[in-house]
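# Chain and residue survey
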Amino acid sequence: MPVAAPLLLSALMFAAGVYGVLVRRHGVMLLMSVELMINAANINLITFSQLLRDPVGNIVVLFILAVTAAEVGIGIAIVMMLYRQRSTVAVDDLQLMKW
Amino acid sequence: MVSGGIREIAWLVAVLPLSAFFLIVFFGKRTPGAGAPIGILATGSAFLIGLGSFADAISRGGIVERSITWISFPSFHLELGIRVDGLASMMFVVVCLVSLLVQIYSLGYMHGDIRYTWYYAMLNLFTGSMLTLVIANNLVQLLVGWELVGICSYLLIGHWFEEKENSDAAIKAFLTTRTGDLGFDIGIFVLFVGAHTFNIGQLQSRVASGSVSTTVITVGAILLFAGAVGKSAQFPLHVWLPDAMAGPTPVSALIHAATMVTAGVYLVARIFGLFSASHAALAVISVIASITMVFAAVLACVQRDIKRVLAYSTVSQLGYMMAALSVGAATAGVFHLWTHAFFKALLFLGAGSVIHAVHSNDMHEMGGLRRFMPVTYATFIIGSLALAGVPPFAGFWSKDEIVAAAYTSGHKLVFVAALVTAFLTAFYMARACTLTFFGSYRRLPIAGGATDEHHHEHDLPHESPRSMTTPLLILAALSIVGGFVGIPGHNAFAGWIHLGAEHHGEFVPWIAVLSIVVAVGGIALGWRMYSGAQFGFGIVEPLERLGAVYRAALRRFYVDDFYLAVFVRPVQYRLSAFVYNILDQKVVDGAVNAVGKGTVLVGRAVRATDEGGVDGVVNGFARLTDKLSFGLRRTQTGNVQRYAVGLFVGVVVVAAVLIGGLR
């Protein structure tokens with residue numbers, strides 16, 4: 001099985017996610033970038049699961065999807081609360097916890 | 001060794017008065033009666049236990065000894081214990097009874113005293129200390145009681161310490177007895193080194209078994225006797241006892257009859273097994289006792305102060321007891337202690353009653369008191385007859401036993417001294433009684449009234465209150481019957497006491513007759529000389545006819561002057577000046593000041609080191625930390641994305657290292 005294509009996809013997705021996390025100011029965009037990185041990892045897991053004929057990778061991905069759904073729910077809720085409290089979701093405006 | 005019985009709780013006899021002391025000291029003033037009832041109750045209970053213990057000792061005999069460990073080292077074992085035999089039980093009865101009667105008597109005598117509560121506390125401490133001494137089963141515990149008795153006597157003799165004379169007398173008593181105690185302390189040490197025990201029973205059995213060297217026995221016995229010489233006022237340390245009259249009269253009664261001066265006699269009787277093993281020690285005792293009894297009896301004849309007559313009489317009678325012990329008749333000596341306790345307490349309390357009424361100690365100012373104070377008169381006469389040795393009163397039986405023992409054991413010196421003393425005793429008691437109770441009342445209101453603070457209320461003396469006369473009556477009864485327990489032929493007393501290794505004085509009829517003749521002769525002479533004597537304002541003392549002897553006796557044969565010149569003055573002036581000026585001011589203060597200055601210098605150096613060195617390092621670290629953290633805290637920007645950059649860079653680095661490591 002050719003693995004180069006899915007791994008390249010995964011790498012590109014991860015790079016896009018990292019870029020998003022480090023650069024985007026919008027909180028929701030940050031969360032979306034994190035999702036990109038997680039799913040890049042998922043593609044990696046499935047790829048190697050198929051390559052090695054081992055179903056554990058697939059199973060782990062199912063768990064990760066469930067946990068990620070919960071995580072996104074909490075993340076979105078935090079962003080909403082931030083917006084209500086501070087009327088902004090730009091992360092570089094939220095610098096209260098510093099020296 | 002006997003078990004069980006009331007003697008198991010005999011320790012209470014000593015503990016009760018000691019507890020009463022603490023109760024009275026701390027709570028006495030807040031209780032009804034200002035502490036006196038506590039003392040009387042405690043001593044009364046102790047008396048009952050003592051009586052039970054004596055009854056038990058008489059009926060079953062033997063020794064009850066119990067002890068607990070006090071201090072223990074591999075080479076040194078010290079116990080705290082009781083040793084209750086007939087002798088100790090007899091002392092319980094004597095000490096508690098006299099103390100009880102003295103405390104009851106003091107209700108009247110000390111009424112309204114400025115330190116009334118303290119006085120009762122001290123009486124109880126005194127009693128408890130004496131009982132600690134009596135009950136002790138080892139010499140160290142005995143020493144504790146011994147010294148406590150000494151300090152109590154100091155405090156009670158100086159009870160009215162506002163007058164310098166009284167505090168001087170207290171100091172004299174303390175220092176004189178301490179002089180003897182020095183020997184006592186060394187004696188205990190010598191015996192411990194020689195016999196390896198403090199225990200009284202063990203000590204005597206080791207002496208009896210011959211495992212202790214004769215030198216140790218003799219030296220130890222003589223050193224212990226030195227303590228007894230001080231405590232029991234034997235020549236040459238007798239000087240404190242007459243001055244001890246400065247204390248309240250009931251205290252004198254207590255000291256003379258029960259709690260202090262008998263301690264020396266008791267000590268010798270208690271470890272008689274030790275003393276009887278050394279002929280040298282017994283010889284020393286017999287010489288000192290003989291000198292003491294005659295010497296003190298002579299001095300008693302010339303005293304004008306009624307209490308001083310009795311004081312010298314006590315010294316003399318203690319000589320009698322010691323003499324009895326020295327000839328081996330320990331039981332006779334203890335028997336005399338027993339009878340003497342009753343009649344001497346009686347005489348002192350009687351004298352106190354007289355002084356209470358007349359407000360003077362001087363017999364030349366008394367006279368004719370028999371009409372004013374019938375109870376005091378009758379009881380005092382009974383006590384005097386007992387002391388003079390007239391049958392059937394108590395003193396006769398014990399005194400005769402001693403005289404007979406001295407004769408049958410071949411101690412001529414003691415025998416002659418005892419007879420001379422018996423004569424002198426009868427004489428001075430006849431003199432005292434005649435001067436005090438017969439003739440006409442010589443203290444006229446004008447004569448001494450002006451200086452007397454109570455002059456308005458007694459132009460004439462009157463009988464003392466019931467609290468004072470009741471003890472007199474009880475003691476008078478005991479002075480009559482107290483001797484019947486030791487009648488020759490039926491000597492129950494000897495069976496009660498059980499002293500080993502002794503010489504029983506047999507009854508010698510001609511000696512008994514002789515001592516009666518001597519006593520009656522003394523009384524007759526005293527009566528003849530004083531009943532007709534005329535005392536006016538220019539008082540004539542019949543004994544003045546003796547000339548130089550009389551004057552020397554008045555000066556106490558210069559013993560006190562000798563001590564004053566040889567010991568007191570040099571110490572007072574030269575030694576104390578030397579100690580103050582050189583030793584204290586220069587040496588001690590110099591050393592103290594040098595140490596002080598040195599400490600200051602060291603302190604300064606330490607301070608410099610502390611501030612410069614230690615504080616510098618500590619502060620330096622603090623400053624460094626401050627600087628570093630000031631720079632470092634700038635990295636905490638609060639910007640999440642910068643943290644994420646750091647995280648990412650970190651992951652990349654770690655990944656690079658791992659991948660590099662795989663190659």
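As a further point, take the overall build of chain B. A tally of regular secondary structure across chain B gives 26 helices and two strands. In summary, chain B has a C-alpha radius of gyration of 35 Å against a globular reference of 26 Å for 663 residues, an excess of more than 25%. Reported as C-alpha extents along the three principal axes, the dimensions of chain B are approximately 140 × 65 × 50 Å. Scored against the burial criterion, the 663 residues of chain B give a buried share of 54%. Here the contacts in chain B between residues at least 6 apart in sequence split such that 80% fall between residues at least 24 apart. Element-wise, carbon and sulfur atoms account for 69% of the exposed surface of chain B, whose accessible area totals about 27,900 Å².

Per the secondary structure count, chain A includes three helices and zero strands. Counting from the amino terminus, helix and strand elements in chain A follow one another as α-α-α. Taking 2.2 N^0.38 as the reference for a compact globule, 99 residues should give roughly 13 Å; the C-alpha atoms of chain A span a radius of gyration of 17 Å, well beyond that estimate. In terms of principal-axis extent, the alpha carbons of chain A reach across some 50 × 25 × 25 Å. Expressed as a percentage of its 99 residues, the buried residues of chain A come to 25%. If you take every contact in chain A between residues at least 6 apart in sequence, the share linking residues at least 24 apart comes to 54%. Total accessible area computed for chain A in this model is approximately 6,600 Å², and 74% of it derives from carbon and sulfur atoms.

Turning to the layout of surface pockets, a few remarks are in order. By volume, the second largest pocket amounts to about 550 Å³. Lining the second largest pocket are 23 residues, and of these Leu30, Ile78, Leu82 and Val91 of chain A together with Val640 of chain B lie nearest its centre. Only helix H2 (27–52) and helix H3 (56–86) of chain A together with helix H26 (640–662) of chain B provide two or more residues apiece to the lining of the second largest pocket. For the lining of the second largest pocket, the element with the most residues is H3 of chain A, which contributes seven residues. In the lining of the second largest pocket, the residues fall into 16 nonpolar, five polar and two charged.

This part covers the packing of helix H17 (residues 374–388) of chain B against helix H18 (residues 394–408) of chain B. Any two packed helices are characterised by the angle at which their axes cross and by the distance between the axes. Residue and element names in this part refer to chain B. Their axes nearest at 6 Å, the elements H17 and H18 cross at an angle of 10°. Between H17 and H18, the crossing angle belongs to the class labelled roughly parallel. For the pair H17 and H18, contact is made by Ala386, Leu387 and Ala388 and by Ala394, Gly395, Phe396 and Lys399, respectively. A breakdown of the residues in the contact of H17 with H18 according to their chemical character gives five nonpolar, one polar and one charged.

Here we take up H18 of chain B. In this model H18 of chain B runs 22 Å from its N-terminal to its C-terminal C-alpha over 15 residues, within 8% of the 21 Å that 1.5 Å per residue would give. Among the 15 residues in H18 of chain B, 13 count as buried, and that is most of the element.

Turning our attention to the nonpolar core. All names here are of chain B. Counting 198 residues, the largest nonpolar core has Met90 and Phe275 as its most contacted members. In terms of residues, this core owes the most to one element, helix H15 (residues 330–358), which gives 19 residues. Those residues in contact with Met90, other than ones at most four positions away along the chain, are Phe54, Val334, Leu337, Trp338, Phe493 and Ile497.

The next point concerns the interface of chain B and chain A. With 11 residues of chain B at the contact, the number on the chain A side is 15 residues. Carbon and sulfur atoms supply 59% of the area that chain B and chain A bury against each other, a total of about 1,000 Å² over both sides. Of all residues in chain B, the largest losses of buried area upon contact with chain A belong to Gln636, Gln641 and Phe648 of chain B, amounting jointly to 43% of the total for that side. Our count for the contact surface shared by chain B and chain A stands at zero salt bridges. Viewed at the interface, chain A and chain B are joined by two residue pairs in polar contact (both at pLDDT 80 or more).

Bringing the packing of aromatic side chains into the picture now. Residue and element names in this part refer to chain B. For the structure shown, the criterion picks out 18 aromatic pairs over all chains. Consider the rings of Phe415 and Trp510, whose centres lie 6.4 Å apart with planes at 75°: the pair is edge-to-face. Pair noted here: Phe415 is in helix H19 (residues 412–437) and Trp510 is in helix H23 (residues 509–531), with a separation of 95 residues, a long-range link. Just above the ring of Tyr320 sits the side chain of Lys399; from NZ or CZ to the centre is 5.4 Å.

Here we come to empty space enclosed by the protein. Residues and elements named next belong to chain B. For the structure shown, the criterion picks out one cavity of 30 Å³ or more. When its volume is computed, the largest cavity comes out at roughly 50 Å³. Every residue lining the largest cavity is listed: Ala388, Gly389, Phe396, Lys399, Asp400, Ala422, Ser515 and Ala519.

The residue after Phe235 of chain B, namely Pro236 of chain B, is reached through a cis peptide bond having omega 5°. Considering the arrangement of structural elements, one finds Pro236 of chain B in the loop between helix H8 (214–231) and helix H9 (240–243). For Ser87 of chain A, which is not glycine, the phi dihedral falls at a positive 60°. Within the secondary structure layout, Ser87 of chain A lies in the segment after H3. Even without glycine at this site, His196 of chain B takes up a positive phi of about 60°.

So, about the environment of Ala70 of chain A. All names here are of chain A. By secondary structure assignment, the location of Ala70 is in helix H3. Residue classification places Ala70 among the partly exposed residues on the basis of a relative accessible area of 48%. Each C-alpha atom of the pair Ala70 and Arg86 lies 24 Å from the other, and the pair is 16 residues apart in sequence.

Residue and element names in this part refer to chain B. Compared with an ideal rise of 1.5 Å per residue, which puts 23 residues at 33 Å, H23 spans 32 Å between its outermost C-alpha atoms and is within 8% of the ideal. Taken as a whole, H23 has its buried residues at Ile511, Ala512, Ser515, Val518, Ala519, Gly522, Gly526 and Tyr530. Close packing links the buried residues of H23 with H17, H18 and H19.

Next up on the list: a nonpolar patch on the surface. Residues and elements named next belong to chain B. On the surface, a nonpolar cluster with roughly 700 Å² of combined accessible area is contributed by Val571, Leu575, Phe578, Val579, Ile582, Leu583, Val587, Val588 and Val592. You can see Leu575 is positioned in helix H25 (residues 559–632). Leu575 sits in the partly exposed class, given a relative accessible area of 44%.

Let us now look at the pairing of strand S2 (residues 76–84) of chain B. Relative to S2 of chain B, strand S1 (residues 64–73) of chain B runs antiparallel, the two sharing nine bridges. By the bridge assignment, Val64 of chain B is partnered in S2 of chain B with Val84 of chain B.

Analysis parameters
- Just so you know, the residues in each chain are numbered from 1, in the order the chain's sequence is written.
- For naming, the first written chain is A and the first written ligand is 1, with later ones following in the order written.
- It should be noted that, the model being predicted, local features are given only for residues of pLDDT at least 70 and side-chain atom pairs only at 80 or more, the latter also being counted only at that level, while totals for whole chains, interfaces and linings use all residues.
- Only heavy atoms go into the side-chain values, all of them from the structure, while hydrogens and water stay out.
- Put simply, DSSP marks the helices as runs of H or I at least four residues long and the strands as runs of E at least two long, and each gets a number from the N terminus on.
- Atoms considered for the radius of gyration are the C-alpha atoms alone. The globule rule reads 2.2 Å times the number of residues to the power 0.38.
- Only protein chains enter the calculation, and the probe is 1.4 Å; a residue is then buried if its accessible area is under 20% of its type maximum, exposed if over 50%, and partly exposed in between.
- Here, two residues are considered to be in contact whenever any of their heavy atoms come within 4.5 Å of each other.
- Here, Shrake-Rupley sampling with a 1.4 Å probe gives the accessible areas, and only protein chains in the shown set may cover a residue.
- Site definitions follow a grid-based scheme: protein atoms alone, a 1 Å grid, a 1.4 Å probe that fits but cannot get out for cavities, and for pockets an open set with protein on both sides within 12 Å along at least five of seven lines, plus lining residues having an atom within 4 Å of a point.
- Grid points are joined across faces, edges and corners, and a volume is the space filled by probe spheres set on the points.
- Only Asp, Glu, Lys and Arg are considered charged, only Ala, Val, Leu, Ile, Met, Phe, Trp, Tyr, Cys and Pro nonpolar, and every remaining residue, Gly among them, polar.
- Each axis is a line fitted through C-alpha atoms, taken for helices only over the stretch in contact, and angles between the N-to-C directions span 0 to 180 degrees.
- By definition in this entry, angles of less than 35 degrees are roughly parallel, angles greater than 145 are roughly antiparallel, angles of 65 to 115 are roughly perpendicular, and the rest are oblique.
- By definition here, a helix of n residues has an expected span of 1.5 Å times n minus one.
- We call a set of buried Ala, Val, Leu, Ile, Met, Phe, Trp, Tyr and Cys residues a nonpolar core when their side-chain atoms join them within 4.5 Å.
- A simple way to read buried area is as the amount of 1.4 Å-probe accessible surface that goes missing from two parts once joined, with both sides added.
- Salt-bridge detection follows one rule: a side-chain nitrogen of Lys or Arg within 4 Å of a carboxyl oxygen of Asp or Glu.
- Polar contacts here mean pairs of N or O atoms no more than 3.5 Å apart (in protein, one a potential hydrogen donor and the other a potential acceptor; neighbouring residues in sequence count only if both atoms are side-chain atoms).
- Planes of paired rings set the category: under 30 degrees apart is stacked, over 60 is edge-to-face and the rest tilted, where pairs are Phe, Tyr or Trp rings (Trp by its six-membered ring) whose centres lie within 6.5 Å.
- Two conditions define a charge located above a ring, namely a distance within 6 Å from the ring centre to NZ of Lys or CZ of Arg, and an angle within 35 degrees of the ring normal.
- To count toward a patch, a residue needs a relative accessible area over 30% and no salt bridge; like charges are then connected within 9 Å, while nonpolar side chains (Val, Leu, Ile, Met, Phe, Trp, Tyr) are connected within 5 Å.
- Two strands form a pair only when DSSP identifies at least two bridges running between them.

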